[in-house]
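The lines below spell out each chain.
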Amino acid sequence: CCRGSWRRKQWYQRRVRESNENQVKLLESKLAQLQSVYLDLLQSRKPPGAEPQRDAYFDSYADYSIHSEMLQDKVRTEAYRDFIYRNPALFANKAVLDVGCGTGILSMFCAKGGASSVVAVDNSEIVEKARLIIKRNCLEDRILVVQGKIEEVALEEKFDVLVSEWMGYALLFECMLDSVILARDKYLKPGGVVAPNRASMFLSGLSDVKSYEKRFGQWKNVYDFDMSDVVPDLYKEAVVESVQSKHIISTACGFKHFDLSVVKVTDLEFSSAFALQFNKQEEQQLTTLVVYFTCFFDGEEFNAVLDTSPRATTTHWVQTLLYLREPVSVTSQHILEGVIRFKKSGVKRGYVISVKGKVFNEIKDVTAEINQEYFLH
């Protein structure tokens, strides 16, 4: 009796295992079918020859919120608008290429400003809405929207003007300037206009002990637990935030300048010397270095400036903060001299920013040294 009961138990367990294995195989088969259907669906939405997997960078620009943020940035949008409208000779009866057109706002500015034709290129799904917006505003006869990467599309004409809003955090984040340079070399007529035509990067010193302590000090006691092991990684992050001008304690140093009519892709990785003279008589704690940029639109009748400095009206780019591992005591008798390096990281179109420098007092004694690396991703 016991032997029979044991055999029945073994038989039952074997049947359960076989049943489970069959269910797993069935689920795996269904999952494979669903994956195949999903990839077929993706493929059906893409041009012939395109890979099924999309670039997440372009997918992010299909989201309306990012376009809303950019359009509501008056400093950004009105710099382009004013340059186009107030330089009619540059745009009247001209062929314009808009790289990274998004919702089409710059293309519509150009058409309204007198351009005879505009080709608007973007690889994001937002182009479908751009076409509808352009048609709704009765500009479809002058604006052609092309979906695809500027590196891959085949345009049949050359252009008098190239406009693009390519700037990222700390100017270079997202690496879109690479695409603009390619478009310039491939499609712009000799002597053609690039807007903006110049860009400069700046560095300043910041003292904001309260924000510094909030960012790093909070980890020392989290519900009575010490989580300060997190802090070393936080020092490696380039932080995108707005800062108040009252916290700036140094001169501004322009450490890199680009002429968009001649800049090369190889110029977008560089090392530049900088010097910051501190300007407060009383002792301050240097907690952070601040990176920002200014773009220039030089026209025949009107010049526009897009400034992302802490002293200017805040833009959606705000500023890029490089927190020091240890705050440095400085007065107006001190100067920071060093080298800042920008190198593409290869991750999420990001950059690695390195800073090496020394703080000198009035008799040229070194009072502090800085040697840090930051990741802007």
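Looking at this structure, how should I read the overall build of the protein chain?
A tally of regular secondary structure across the protein chain gives 10 helices and 15 strands. Partitioning the contacts of the protein chain with sequence separation of at least 6, the portion at a separation of at least 24 is 73%. Put simply, the protein chain shows about 20500 Å² of open surface, and 51% of that area lies on carbon and sulfur atoms.

What is the right way to look at a nonpolar patch on the surface in this model?
A surface patch of nonpolar side chains, amounting to about 460 Å² of accessible area, comprises Tyr223, Phe225, Met227 and Val230. Note that Met227 resides in the loop between α9 (209-216) and α10 (231-234).

Before we go on, may I ask you to explain helix α8 (residues 176-187) in this structure?
Turn by turn, an α-helix covers 3.6 residues, leaving residues three or four places apart pointing in a common direction. End to end, α8 covers 16 Å across 12 residues, agreeing with the expected 16 Å (1.5 Å per residue, within 8%). Looking at α8, one finds that the buried residues are Met176, Leu177, Asp178, Ser179, Val180, Ile181, Ala183, Arg184 and Tyr187.

How do you make sense of the pattern of salt bridges when you look at a structure like this?
Pairs may arise between side chains of opposite charge once their charged atoms sit close together. Across all of its chains, the model carries 12 salt bridges by this definition. Among the salt bridges present, the one from Glu165 reaches Arg76, with a minimum N-O distance of 2.7 Å. With Glu165 in the loop between β4 (159-164) and α8 and Arg76 in helix α4 (residues 74-85), the pair connects residues that are 89 residues apart, well separated along the chain. No difference in accessibility class separates Glu165 from Arg76, as the two residues are buried. One salt-bridge network, held together by shared partners, links Lys74, Glu78, Arg81 and Asp82.

Is there a simple way to explain unusual backbone geometry in this structure?
Residues other than glycine predominantly adopt negative phi, and peptide bonds predominantly adopt the trans conformation. Here Ala195 and Pro196 are connected by a cis peptide whose omega angle stands at 0°. Of note, Pro196 is situated in the loop between β5 (188-195) and β6 (198-206). Here the phi dihedral of Ala170 falls at roughly 55°; this positive angle occurs in a residue that is not glycine. For Ala170, the position within the fold is in the loop between β4 and α8. Not every positive phi belongs to a glycine, and Cys175 is a case in point at roughly 60°. Mapping Cys175 onto the fold places it in the loop between β4 and α8. The exposure class assigned to Cys175 is buried, which follows from its relative accessible area of 13%.

Please explain the sheet that holds strand β1 (residues 95-99) as it appears in this structure.
Either a parallel or an antiparallel arrangement is found when strands of a sheet pair, and the pairing is made through backbone hydrogen bonds. Read across the open sheet, the five strands follow the order β3-β2-β1-β4-β5; overall the sheet is parallel. Whereas interior strands pair on both sides, the edge strands pair on one side only; in this sheet they are β3 (143-147) and β5. Looking at each pair of strands side by side, their axes are set apart by 20° on average, direction ignored. As defined by bridge partners, β1 adjoins strand β2 (residues 117-122) across five bridges and the pair is classed as parallel. Of the residues in β2, the one forming a bridge with Val99 is Val121.

Help me out: how do you make sense of the packing of α4 against helix α6 (residues 105-112) in this one?
When two helices pack together, their arrangement is captured by the angle between the axes and the distance separating the axes. Across the interface, α4 lies against α6 with an axial gap of 9 Å and an inter-helix angle of 20°. As the angle between them shows, α4 and α6 are arranged roughly parallel. By crossing handedness, the relation of α4 to α6 is classed as right-handed. Across the interface between the two elements, Thr77, Tyr80, Arg81, Ile84 and Tyr85 from α4 touch Ile105, Leu106, Phe109, Cys110 and Lys112 from α6. Among the residues making up the contact of α4 with α6, the classes are represented as seven nonpolar, one polar and two charged.

Which parts of the structure should I look at to understand the side chain of Thr315?
Positionally, Thr315 belongs in the loop between β11 (304-307) and β12 (319-330). Sequence-distant contacts of Thr315, defined by excluding residues within four places in its chain, comprise Asp73, Val75, Asp307 and Thr308.

How should the packing of aromatic side chains be read in this particular structure?
How two aromatic rings sit relative to each other is given by the distance of their centres and the angle of their planes. Applying the stated criterion across every chain yields a total of 17 aromatic pairs. Aromatic pair Phe255 and Phe342: ring centres 6.0 Å apart, planes at 25°, arrangement stacked. Linking Phe255 in strand β8 (residues 253-259) with Phe342 in strand β13 (residues 335-344), this pair joins segments that are 87 residues apart in sequence. Residue classification places Phe342 among the buried positions, given a relative accessible area of 1%.

When you look at α6 in this model, what are you seeing that I'm missing?
Across the eight residues that make up α6, a large majority, seven, are buried. Two residues or fewer past α6, Gly114 is found with a positive phi of approximately 115°.

Is there a simple way to explain the environment of Ser211 in this structure?
Mapped onto the secondary structure, Ser211 falls in helix α9. Along the backbone, Ser211 and Val243 are 32 residues apart, and their C-alpha atoms lie at a distance of 9.9 Å.

Would you mind showing me how to read the environment of Ala368 here?
Relative to the assigned elements, Ala368 resides in strand β15 (residues 366-376). A residue is classified by how much of its surface remains accessible, and Ala368, at 16% relative accessible area, is buried. Spatially, the C-alpha atom of Ala368 lies 9.6 Å from that of Pro327, the residues being 41 residues apart in sequence. Sequence-distant contacts of Ala368, defined by excluding residues within four places in its chain, comprise Val328, Gly357, Lys358 and Val359.

Any chance you could explain the side chain of Asp178 here in plain terms?
Following the sequence through the fold, Asp178 ends up in helix α8. Contact partners of Asp178, with chain neighbours within four places excluded, come to Val265, Leu268 and Lys344.

Would you mind going over the pairing of β11 with me for this structure?
Each regular strand displays side chains that alternate between the two surfaces of the sheet. Side chains Ala304 and Leu306 of β11 all project onto a buried face; the interleaved residues Val305 and Asp307 project onto a face where none is buried. Taken together, strand β10 (residues 284-297) and the strand that follows it, β11, pair antiparallel across an intervening segment of six residues.

The rules behind the values
- Residues numbered from 1 in each chain as written.
- Predicted model: local features only at pLDDT ≥ 70, side-chain atom pairs only at ≥ 80, totals over all residues.
- Heavy atoms only, no water.
- Helix = DSSP H or I, 4+ residues; strand = E, 2+ residues; numbered from the N terminus.
- Contact = heavy atoms within 4.5 Å.
- Areas by Shrake-Rupley, 256 points an atom, 1.4 Å probe, with all protein chains shown as cover.
- Patch = residues over 30% accessible without salt bridge, like charges linked within 9 Å, V, L, I, M, F, W, Y side chains within 5 Å.
- Salt bridge = Lys/Arg side-chain N within 4 Å of Asp/Glu carboxyl O.
- Expected span 1.5 Å × (residues − 1).
- Buried < 20%, exposed > 50% of the residue type's maximum accessible area, 1.4 Å probe, protein only.
- Pairing = 2+ DSSP bridges.
- Axes fitted to C-alpha atoms, helices over the stretch in contact; angles between N-to-C directions.
- Parallel < 35°, antiparallel > 145°, perpendicular 65-115°, else oblique.
- Left-handed = near helix turned anticlockwise from the far one by under 90°.
- Nonpolar A, V, L, I, M, F, W, Y, C, P; charged D, E, K, R; others polar.
- Phe/Tyr/Trp six-rings, centres within 6.5 Å; stacked < 30°, edge-to-face > 60°.

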